Amino acid sequence: MPGRSAHSTVDARPEIASSWMRSQLCGVDGDTTPKLDRIDVASDGCLGRAATPVLDRVCLEFDDAPLVFVLADHDARILDIRHTHPTVRNALDWTGIERGIRLAEDEVGTNAVGTVLESRQPLLVHGPEHFMSAFHEFSCFGHPIIHPITRRLEGVLNVGGGAGEDHRYFAPIARRVVRDIEERMALDTPVAQRKLLAEFHSAARRKDRSVMVVGEGMVLATPAALALLDPADHATVRAAADAAHKSTATHRLTLESGRDVDVTCTPVDGGNGVLVEFATARADRKPPAPMVEDWPLLVVGETGTGRTTEAVRAARAGSTIVDAADVVQSGEQAWAVALGRELQGDGAVVVIENVHLLTDSMATLVARLVRGTRRKTVLTSTSSTDVSGIHPSLLAVCAARRDLVPLRRRRHEIPRLARQMLTEEAATSGVRLTTATLQVLAAHEWPGNLAELRRVIRSVALARSAGDVIPTDLPAPYRAVGAPLSPIRHAEREVIVAAIEAAGGNKLKAAQSLGVSRSTLYNRLRVLKIA
């Protein structure tokens, strides 16, 4: 082992021996000079704001003592470093330790920052226990910093000094400083997160209850909820939580384990987040596919929502498809004659697709033909706004109607649909969408709905034959999304989009219908990234 003999490894404490092994596997050479890459870091985050006044105070308290205090974030990157004695400062300058460098195990081996992050436990690293010989002159005690509200590991406080110093007082100093930092982090926590925490504790009081709280930068879950969910399920649950706007919503989800659960998402008042509760789905709750009792049937949905699939499914015993898009090629008269011939007599259900493309005169003719036939018919069209504005005669002739919900309004289904499509499109079963990729897919707007999602999944299946599909494997426009909107922002976005659609794209009319000025509307369009 570089920099370590077999005998010293056997004699080392178990936690040190394990860290040495990890360091070796990462290819760290203990006998070389550490190559420390420095980057500029911001210290105004939650951890930095809480730690700065505490470190100011402790440095005054231990003035002229041979100590060094190192504050690192969850990635082992040094945010702050304080020296209380010139000797320690000179020694650190010689090693290259400074603000902005990374002390992770995979870069510098065993140390009281990176190793503490790996183990999430306090640890003393004494002199030669450091993997790299460059750090043998120091003894350091590292203590993890856990956010008291989110319970996330935020970073590490390292208290150190020369290897010859009495290191027994390092631990009590570190514990006291970390306690003060965590207390200040709790006070610095936004009111919204405190409300989410209170709601979570209230819901989790009952033993073995499966609940989660999902908010901006915060996810809390009971052990029962964590045991219920596989990693891939988290993207599905997050999408369901994001879909809960102003009122409670319950979704039926099929987990990776094959288990069906009912997921109830309730917005937390003032918490800018959602309480998620899981319950075993009852077998008799899921309704069967709706039967068509009245004909003709009108199927309405945006492009790509599966209008044709739904129309054919409704026909059940087979169908004949006539597409209004063919009018351009065959001519109105020839197309109308062919449709009239198809509607004569008895036979399979006739599906007339894309009736929104018909002219007013052709729509009137089709309505008369449909009204006069004994054949069962299904008509498909885009949004109801277009139909009611252009073809009222077709609306009048239809006795039943089904509206297909666009994909952006059922994001909780996107992870399941994406996995199902990948199974259908991939040449082998060795390709898997990671949780991060599913979260990215669920966050997109998908104006092309299911058709657009399938196109993206097909491109992934063609590009990869095995392994995990990570976000960078997606087509370029789909690799990243902005920060997820809160439920309130989602609701606001939906209202604005609906108002613009109802106004036919006229933003002035949309602003008037919303009761706001045009400048206010344009500002919200920019903030909510509405094209």
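Predicted, not measured: the structure shown is a model, and the values here were computed from it.

**Things to note about the pattern of salt bridges**
Reasoning step 1: Inspection of every chain in the model, using the stated rule, returns 28 salt bridges.
Reasoning step 2: Among the ionic pairs, Arg102 bridges to Asp75, the shortest N-O distance being 3.4 Å. You can see Arg102 sitting in the loop between helix 4 (86–95) and helix 5 (105–108) and its partner Asp75 sitting in the loop between strand 1 (68–73) and strand 2 (78–83), a full 27 residues away along the chain.
Reasoning step 3: Accessibility expressed as a relative area gives 34% for Asp75, which makes it partly exposed.
Reasoning step 4: Its salt-bridge partner being Glu425, residue Arg458 comes within 3.2 Å of it at the nearest N-O pair. A residue pair is termed long-range when its members are at least 10 positions apart, and Arg458 in helix 19 (residues 449–463) and Glu425 in helix 17 (residues 414–425) qualify at 33 residues.
Reasoning step 5: Taking the relative accessible area as the measure of exposure, Arg458 reaches 37% and is therefore partly exposed.
Reasoning step 6: Judged by relative accessible area, Glu425 falls into the partly exposed class, the value being 24%.
Reasoning step 7: Taken together, the shared-partner salt bridges in this structure form one network comprising Asp75, Arg102, Asp106 and Glu107.

**Here's the deal with the packing of helix 17 against helix 19**
Reasoning step 1: Between helix 17 and helix 19, the least distance of the axes is 9 Å, while the angle of their chain directions is 50°. With respect to each other, helix 17 and helix 19 are oriented oblique. As for the relative orientation of helix 17 and helix 19, their crossing is right-handed in sense. For the pair helix 17 and helix 19, the contacting residues are Ile414, Leu417, Ala418, Met421, Leu422, Glu424 and Glu425 in the first and Leu450, Leu453, Arg454, Ile457, Arg458 and Ala461 in the second.
Reasoning step 2: Partitioned by chemical class, the residues of the contact of helix 17 with helix 19 number nine nonpolar, no polar and four charged.

**Remarks on the sheet that holds strand 9 (residues 260–268)**
Reasoning step 1: If you trace the five strands from one edge of the open sheet to the other, you get 7-6-10-9-8, paired in antiparallel fashion. Only two strands of the sheet have a single neighbouring strand rather than two, namely strand 7 (218–221) and strand 8 (249–254). Ignoring which end each strand starts from, the neighbouring axes of this sheet average 20° apart.
Reasoning step 2: Taken strand by strand, helix 10 (residues 233–242) contacts strand 6 (211–215), strand 7, strand 8, strand 9 and strand 10 (273–280), and its axis lies near 65° from that of strand 6.

**Concerning the sheet that holds strand 4 (residues 138–146)**
Reasoning step 1: Ordered in space as 2-1-5-4-3, the five strands form an open sheet in which the pairing is antiparallel. Of all strands in the sheet, those with a lone pairing partner are strand 2 and strand 3 (123–126), marking the two edges. The average undirected angle you get between the axes of adjacent strands in this sheet is 15°.
Reasoning step 2: Both strand 1 and strand 2 contribute to a ladder of five bridges, which runs antiparallel. Residue pairing for strand 2: Val70 is matched across the bridge by Ile81.
Reasoning step 3: Relative to strand 1, helix 3 (residues 46–61) is tilted by about 175°, and along the sheet it contacts strand 1, strand 2, strand 4 and strand 5 (153–162).

Analysis parameters
- Residues numbered from 1 in each chain as written.
- Predicted model: local features only at pLDDT ≥ 70, side-chain atom pairs only at ≥ 80, totals over all residues.
- Heavy atoms only, no water.
- Salt bridge = Lys/Arg side-chain N within 4 Å of Asp/Glu carboxyl O.
- Helix = DSSP H or I, 4+ residues; strand = E, 2+ residues; numbered from the N terminus.
- Buried < 20%, exposed > 50% of the residue type's maximum accessible area, 1.4 Å probe, protein only.
- Axes fitted to C-alpha atoms, helices over the stretch in contact; angles between N-to-C directions.
- Parallel < 35°, antiparallel > 145°, perpendicular 65-115°, else oblique.
- Left-handed = near helix turned anticlockwise from the far one by under 90°.
- Contact = heavy atoms within 4.5 Å.
- Nonpolar A, V, L, I, M, F, W, Y, C, P; charged D, E, K, R; others polar.
- Pairing = 2+ DSSP bridges.

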